Structures are given as structure tokens and as C-alpha cells.
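Structure at a glance
Now for the letters of each chain:
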Amino acid sequence: MNALVGACIAVLALPVRLDAHAAPAAPAAPAAKLISITMPWVAAVPPSARVSAAYMKIENHTREARTLVGASSPGARLVEIHEMKMEHGMMKMARVPRVVIPAQGVLELEPGGLHLMLIDLEAPLRLGDTVSITLHFAGGLRQTATAKVQTFEGR
Ligand SMILES: [Cu+2]
């Protein structure tokens, strides 16, 4: 990664004029895109289930680390940040109070790893439904995503 960045800087520092199609220095991210969320989805669960997990990719476009401290959804009483981990040979879920996303960094919430646990769902999740999820960051920054209910196989 650092080697790649170094190479890019070296190219930009060349005195020769680059081809007109070369992109200029990346513009600063617009205010609304300090944090971007891509591919948000919620796992489809049986109608009787009161919990499910949400996954997404969170990108921090800012020059400072951002800390995810929680999340909320109108469809669930409570949303917690969880991680899966091996304990005595068993996969277990544990609540994580916060996750730091480095400056310009990416955080992947994916099956088998970090996820958002939707607890006490208000209504059964149906395939294709959408669920609004708001991420809460330290300092008051919030970002909302619309996650689609999908099966693990169908995403
Ligand atoms: Cu969980």
C-alpha cells in the first residue's frame, strides 16, 4: 500500500506534462460523503426470528480516523456492533463498543466478521424489503443507508 502511494506521488512529481486524460488531484470529498456506505444488506431470517444481521462496506473519505460507536434502525429496538470470534473451537458473537476506521480507510462488515445486529425487529423481514440503518460516529456524525433484505447466497 505504502509502496503504491509512494509510486503515485513519484509519478505526480515528474516535471513532464501528463496526458490530458490523466486525472487531476482527487477533489476533496463533498460534505455529504465524508463517509460512504456501499452494498448494505440485511440477512433474510425466518418470519419468527426477532434478530438479524446487517452487512456493508463503510469508507472513510476524511483525513482523520472515524470511530463507529453505534447504529440505529426504525425497524429494530436496538442495533449493536458485533463481531464473530472463535472461542474454544466455537464461533461466538460478542458486542463491540466501537470500531475505528482509519483516515481514508475502509471497514467491511461481512458474514463471519463484524456486523450490525438488529435486535427486536418490529416486523418480519421479507426478502426484497429495505431497512433503513443509521450509523453513528463519535463526534455526532451520522450516515444512513438503505439495506436490502437478501439471502446469504443471493447478494
Ligand atoms: Cu451478532
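Residues numbered from 1 in each chain as written. Predicted model: local features only at pLDDT ≥ 70, side-chain atom pairs only at ≥ 80, totals over all residues.

**Focus on the overall build of the protein chain**
Regarding its fold elements, the protein chain presents 1 helix and 10 strands. Element order for the protein chain, N to C, with α for helix and β for strand: α-β-β-β-β-β-β-β-β-β-β. Out of the 155 residues belonging to the protein chain, those deemed buried represent 22%. Put simply, of all contacts in the protein chain between residues at least 6 apart along the chain, 69% involve residues at least 24 apart. (Helix = DSSP H or I, 4+ residues; strand = E, 2+ residues; numbered from the N terminus. Buried ≥ 20, exposed ≤ 12 C-beta atoms within 10 Å, placed from the backbone. Contact = placed C-beta atoms within 7 Å.)

**A closer look at the environment of E59**
Tracing the sequence through the fold places E59 in strand β2 (residues 51-60). The contacts of E59, once residues within four sequence positions are left out, are I35, S36 and V106.

**A short note on the nonpolar core**
The biggest cluster of nonpolar side chains holds 27 residues, and the ones touching the most others in it are V42, A54, M56, L116, I133 and A147. The greatest single-element share of this core, amounting to 5 residues, is contributed by β2. Setting aside residues no more than four positions away along its own chain, M56 makes contact with I37, T38, M39, P40, L109, A145 and A147. (Core = buried A, V, L, I, M, F, W, Y, C linked by C-beta atoms within 7 Å.)

**Section: the confidence of the model for the protein chain**
Here the protein chain averages 84 in pLDDT, while 78% of its residues score no lower than 70. For residues 1-20, every residue scores under 50 in pLDDT, and the model assigns this stretch 0 contacts once sequence neighbours within four places are set aside. (pLDDT = per-residue confidence, 0-100.)

**Comments concerning unusual backbone geometry**
Positioned with a positive phi, H88 is a non-glycine residue whose angle comes to about 50 degrees. Turning to its location among the elements, H88 is positioned in the loop between β4 (76-87) and β5 (90-95). Look at H88 and you get exposed, because 5 C-beta atoms sit within 10 Å. The residue D120 is not glycine, and still its phi comes out positive at about 60 degrees. Examined against the element boundaries, D120 turns out to sit in strand β8 (residues 115-121).

**Overview of the pairing of strand β3 (residues 66-72)**
Where β3 meets strand β6 (residues 99-101), 3 bridges bridge the pair, whose relative direction is antiparallel. By the bridge assignment, L68 is partnered in β6 with V99. As judged from the 4 bridges shared by β3 and strand β9 (residues 130-137), these two strands associate in the antiparallel manner. Among the inter-strand pairings, G70 is bridged to a residue of β9, identified as H136. (Pairing = 2+ DSSP bridges.)

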